[in-house]
Amino acid sequence: MSLALTAFPRRPAAPAPVAAAVAVVALLALPVSPGGAEPADVLSALMVLYCLVLVVRERRRPLPPAAALLLGLPVVGLALAAMGASSAAAGLAGLGRYLQIFVLVPAAVLLLVRDRSGFRLLAWSFVGLALVQGAVGVHQYVTRTGASYQGEDVRAVGTFGPQDVMGMATAVALGLVCAVGIALGRSPLRQRALAAGCALALLAPLAFSFSRGAWIATVLACSAQLVLAGPRRALVTAAAVAAAGVVLVGGFGAGSAQLQQRLGSIAQVADAPDQSVIDRYTLWASAVGMWRRHPVTGVGLKGFPEYRDGNASVALSSGAEVAGAGAAYRRQPLLSPHNMYLLLLSEQGLVGLVALTGGWLALLVCAVRRLPRVRDGGDGGRGDGGADGGGLDCGLVACGLIVWQLTDFAYGDIGGPSTLLTGLALGLTAWWALSGDRTPRVLTPTRTEEAVTR
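Colleague: Sorry if this is basic, but what is going on with the overall build of the protein here?
Modeller: What the protein contains, in helices and strands, is 19 helices and four strands. Evaluated residue by residue, the protein yields a buried proportion of 49% over its 454 residues. Within the protein, contacts between residues at least 6 apart in sequence are counted, and of these 77% link residues at least 24 apart. Carbon and sulfur atoms form 66% of the exposed surface of the protein, whose accessible area is close to 20700 Å².

Dropping the structure here:
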């Protein structure tokens, strides 16, 4: 029988389930179409359906208990906030978006990533997207075809356009964090060298995005990765980054003044801040005012724009200027506080804030706690240490992603096609923190069922 079976050629191996998540990342490289449904959003919905099919077909337990708790807990706050929305349509729209980003997409990634190879494939897709968006962004800066910044079309926005001015910065920053995590791991030298080269290449487009929040979040995330990787790697990598920073600032003299002005404005909160800083603090104060009036459940999903003017001072401008990168000049209304925590507090109250941020902090704690066992020669959840370094690179990527996201949420919130990257990044962190290489249990048949089958 065995000889007869070997006479036939083997069927080609089926593509890894994680390829569905990689495809979502790849679609984010396409130009954004204002007002229409984005292909990446559509594919993310199909990815969730694909996961349901896999769960039923493979008879797997859907999620580990801890993952089910952390990912399912926010549904309570979201349901309450949706019921308190000003209209049923607004409540359903907000509920769908929050469930997509913070529940369904992370859970799908947790199910699709089966091992460290799948994790690395998705992490490298983040790097690939960052390189594509970064190349477009650098071209926009050099040719003066980017979004408008201080009267010049020099702001790098990639294919996301000026309507999602943070899109390219988010993609590039997350790709850079993934590259740094891989470079600091114990994977083969060629992979680490390639990842380090990608991280250095991504510094320029990140700088040309002029996104202060992305800069701060990236510095903190990469610093955390360096500390978690060990002192020796931290010193070597810090020296390389410092050298690259000198080359970047010195080699692009035309943009050094703008970059220095933008960097200086980070700490310029009281001494003649620019209008964007004034607007941000005014929006923050407005969000706090909403929470004080509705402390438990907030004003309802999608309710911030309706209650904004009633809680904001006259210092708030009429909107942000949007122009360049192929878009005509217009004033874009300020419809969110540009702070995820204050957005949750104002629209979902303490219930929603505690449910979501509590889950994120739990992911951070679990991810960091698992890392020392791998870094110090542990098994990484497999039992033998692994020929690839026990997954240290996966742990550093996961920790870096969650640190970046938690920091960036202090300067931005969800919105635009690039928000899908948030759900995918949370899924990678959840896999490392709650699942790792522990293969999901399969509902195996009983001995009686086996006998009947035979």
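Continuing now.
Colleague: What is the right way to read the side chain of Glu 38 from this model?
Modeller: Within the fold, Glu 38 resides in the loop between helix 2 (19–27) and helix 3 (39–58). With residues near it in sequence (within four places) discarded, Glu 38 still touches Pro 31, Val 32, Ser 33 and Pro 417.

Colleague: I keep staring at the pairing of strand 2 (residues 152–155) and nothing clicks. Help me out?
Modeller: The side chains of a regular strand alternate between the sheet's two faces. When strand 1 (residues 147–149) meets strand 2, the two strands line up antiparallel, connected through three bridges. Within strand 2, the residue paired with Tyr 149 across the bridge is Glu 152. Between strand 1 and strand 2, which pair antiparallel in sequence order, lie two residues; one of them, Gln 150, sits at a positive phi of approximately 55°.

Colleague: What is the right way to read helix 3 from this model?
Modeller: Every α-helix winds through 3.6 residues per turn, so residues three or four apart in the chain are directed the same way. Its 20 residues give helix 3 an end-to-end C-alpha distance of 28 Å, which sits within 8% of 28 Å, the value for a rise of 1.5 Å per residue. Listed in full, the buried residues belonging to helix 3 are Ala 40, Ser 44, Met 47, Val 48, Cys 51, Leu 54 and Val 55. Considered in projection along helix 3, the buried side chains sweep an arc of 120° and stay on one side of the axis. Turned more than 90 degrees from where helix 3 packs its buried face, Leu 52, Val 56 and Arg 57 sit exposed. At its buried positions, helix 3 is contacted by helix 2, helix 6 (88–112) and helix 18 (420–435). Taken from the residues just after helix 3, Arg 59 is the one with a positive phi, measuring 55°.

Colleague: What's the story with the pattern of salt bridges in this structure? I'm lost.
Modeller: Side chains carrying opposite charge are able to pair once their charged atoms draw close together. Going through the model one piece at a time under the given rule, you end up with three salt bridges. Among the ionic pairs, Asp 41 bridges to Arg 97, the shortest N-O distance being 3.2 Å. With a gap of 56 residues between them, Asp 41 in helix 3 and Arg 97 in helix 6 connect regions that are remote in the sequence. Residues Arg 144 and Glu 152 are paired through a salt bridge, measuring 3.8 Å at the closest nitrogen-oxygen approach. A residue is classified by how much of its surface remains accessible, and Glu 152, at 36% relative accessible area, is partly exposed.

Colleague: Please clarify how the packing of helix 16 (residues 340–375) against helix 17 (residues 392–408) should be interpreted in this entry.
Modeller: Each pair of packed helices can be described by the angle between their axes along with the distance between the axes. At their nearest, the axes of helix 16 and helix 17 sit 10 Å apart, and the two run at 160° to each other. Regarding the angle of helix 16 to helix 17, the classification is roughly antiparallel. Between helix 16 and helix 17 lies a crossing of left-handed hand. Note on element contacts: helix 17 touches helix 16 through Leu 392, Gly 395, Leu 396, Cys 399, Ile 402, Val 403 and Leu 406, opposite Tyr 341, Trp 360, Leu 361, Leu 364, Ala 367, Val 368, Leu 371, Val 374 and Arg 375. Taken together, the residues of the contact of helix 16 with helix 17 sort by class into 14 nonpolar, one polar and one charged.

Colleague: Can you walk me through the environment of Trp 215 in this structure?
Modeller: Topologically, Trp 215 is positioned in helix 11 (residues 212–229). For Trp 215, a relative accessible area of 10% corresponds to the buried category. A polar contact is formed between the side chain of Trp 215 and the backbone oxygen of Leu 206, at a distance of 2.8 Å.

Colleague: Quick question: what am I supposed to make of the packing of helix 8 (residues 167–183) against helix 17 here?
Modeller: Interhelical geometry of helix 8 versus helix 17 gives an angle of 150° and a closest axis separation of 7 Å. It follows that helix 8 is roughly antiparallel to helix 17 by the angle criterion. The interaxial crossing formed by helix 8 with helix 17 has right-handed handedness. Along its contact with helix 8, which presents Thr 170, Ala 173, Leu 174, Val 177, Cys 178, Gly 181 and Ile 182, the element helix 17 presents Asp 393, Leu 396, Val 397, Gly 400, Leu 401 and Trp 404. For the contact of helix 8 with helix 17, the residue count by class is nine nonpolar, three polar and one charged.

Colleague: Help me understand the packing of aromatic side chains, please; the structure alone is not making it clear to me.
Modeller: Given two aromatic rings, their pairing is described by the distance between the two centres and the angle made by the two planes. Enumeration over the complete set of coordinates arrives at ten aromatic pairs. Considering the side-chain rings of Phe 102 and Phe 409, the 6.4 Å spacing of their centres and the 70° angle between planes classify their relative orientation as edge-to-face. Residue Phe 102 is located in helix 6, and its partner Phe 409 is located in the loop between helix 17 and helix 18; the two are separated by 307 residues in the primary sequence. Each member of the pair Phe 102 and Phe 409 is classed as buried.

Colleague: Sorry, what's going on with the nonpolar core here?
Modeller: The nonpolar side chains of a soluble globular protein tend to be buried with one another. Grouped together as the largest cluster of nonpolar side chains are 116 residues, with contacts concentrated most on Tyr 98, Phe 102, Phe 126 and Leu 424. When neighbours within four sequence positions are excluded, Phe 102 is seen to be in contact with Leu 71, Met 340, Leu 356, Trp 360, Phe 409, Ile 414, Thr 422 and Leu 426.

Colleague: Would you mind showing me how to read the environment of Leu 63 here?
Modeller: Here Leu 63 lies in the loop between helix 3 and helix 4 (65–72). Ignoring any residue separated from it by four or fewer positions in sequence, one finds Leu 63 in contact with Ala 68, Ala 107, Leu 110 and Leu 111.

Colleague: Sorry, what's going on with helix 15 (residues 304–311) here?
Modeller: Listing the buried residues of helix 15 in full gives Phe 304, Arg 308 and Asn 311. When helix 15 is viewed along its axis, its buried side chains cluster within an angular range of 90° and face the same direction. For helix 15, the exposed residues set more than 90 degrees away from the buried face come down to Glu 306, Asp 309 and Gly 310. Buried residues along helix 15 sit in contact with helix 14 (275–293) and helix 16.

Quick notes on the rules
Residues numbered from 1 in each chain as written. Predicted model: local features only at pLDDT ≥ 70, side-chain atom pairs only at ≥ 80, totals over all residues. Heavy atoms only, no water. Helix = DSSP H or I, 4+ residues; strand = E, 2+ residues; numbered from the N terminus. Buried < 20%, exposed > 50% of the residue type's maximum accessible area, 1.4 Å probe, protein only. Contact = heavy atoms within 4.5 Å. Areas by Shrake-Rupley, 256 points an atom, 1.4 Å probe, with all protein chains shown as cover. Pairing = 2+ DSSP bridges. Expected span 1.5 Å × (residues − 1). Arc of directions from axis to C-beta. Salt bridge = Lys/Arg side-chain N within 4 Å of Asp/Glu carboxyl O. Axes fitted to C-alpha atoms, helices over the stretch in contact; angles between N-to-C directions. Parallel < 35°, antiparallel > 145°, perpendicular 65-115°, else oblique. Left-handed = near helix turned anticlockwise from the far one by under 90°. Nonpolar A, V, L, I, M, F, W, Y, C, P; charged D, E, K, R; others polar. Polar contact = N/O pair within 3.5 Å; in protein donor to acceptor, adjacent residues only side chain to side chain. Phe/Tyr/Trp six-rings, centres within 6.5 Å; stacked < 30°, edge-to-face > 60°. Core = buried A, V, L, I, M, F, W, Y, C linked by side-chain atoms within 4.5 Å.

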